Amino acid sequence: MRSNPDIDLILMDVKMPEIDGYEAVRQIRMFNKDVIIIAQTAFALTGDREKALEAGCNDYISKPIENKLLVELIQKYFGK
């Protein structure tokens, strides 16, 4: 993200090997408040959406990702 500041959208996986997605989002938000971040996880649990939003994500989607829903989310932030 620091090397490519022109990124407009991040699909952030919540479960990553070295740093979890929530912490990655918090770190990104320290230097970029504008990029759209959509959290994604295969391990959807009650409260995950709220946790993602609290970490700084703009939205949340669970896996398996439905193409139609992903397109709708992208359109929500970038227009049609």
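This one's a predicted model, so the numbers in the text were calculated from it and none came from an experiment.

(A) Molecular detail of the sheet that holds strand S1 (residues 9–13). Reading across the sheet, the three strands line up as S1-S2-S3 and stay open at both edges, with parallel pairing between neighbours. Both edges of this open sheet fall to S1 and strand S3 (59–62), since each of them pairs with a single strand only. Strand-to-strand twist across the sheet, computed as the mean angle between neighbouring axes with direction ignored, equals 25°. Inspection of the sheet shows strand S2 (residues 36–41) paired to S3 by four bridges, in the parallel sense. Across the sheet, residue Ala-39 finds its bridge partner in S3, namely Tyr-60. Along the sheet, helix H1 (residues 21–31) makes contact with S1 and S2, crossing S1 at roughly 150°. The sheet strands contacting helix H3 (residues 67–78) are S1, S2 and S3, and the helix crosses S3 at an angle near 170°.

(B) Structural context of the pairing of S2. By the criterion of burial, S2 is predominantly enclosed, with six of the six residues buried. Taking every second residue as pointing to the same face, both faces of S2 are buried, with Ile-36, Ile-38 and Gln-40 on one and Ile-37, Ala-39 and Thr-41 on the other. As defined by bridge partners, S1 adjoins S2 across five bridges and the pair is classed as parallel. Each bridged residue has a counterpart across the sheet, and for Leu-11 the counterpart in S2 is Ile-38.

About the cut-offs
- Residues numbered from 1 in each chain as written.
- Predicted model: local features only at pLDDT ≥ 70, side-chain atom pairs only at ≥ 80, totals over all residues.
- Heavy atoms only, no water.
- Pairing = 2+ DSSP bridges.
- Helix = DSSP H or I, 4+ residues; strand = E, 2+ residues; numbered from the N terminus.
- Axes fitted to C-alpha atoms, helices over the stretch in contact; angles between N-to-C directions.
- Contact = heavy atoms within 4.5 Å.
- Buried < 20%, exposed > 50% of the residue type's maximum accessible area, 1.4 Å probe, protein only.

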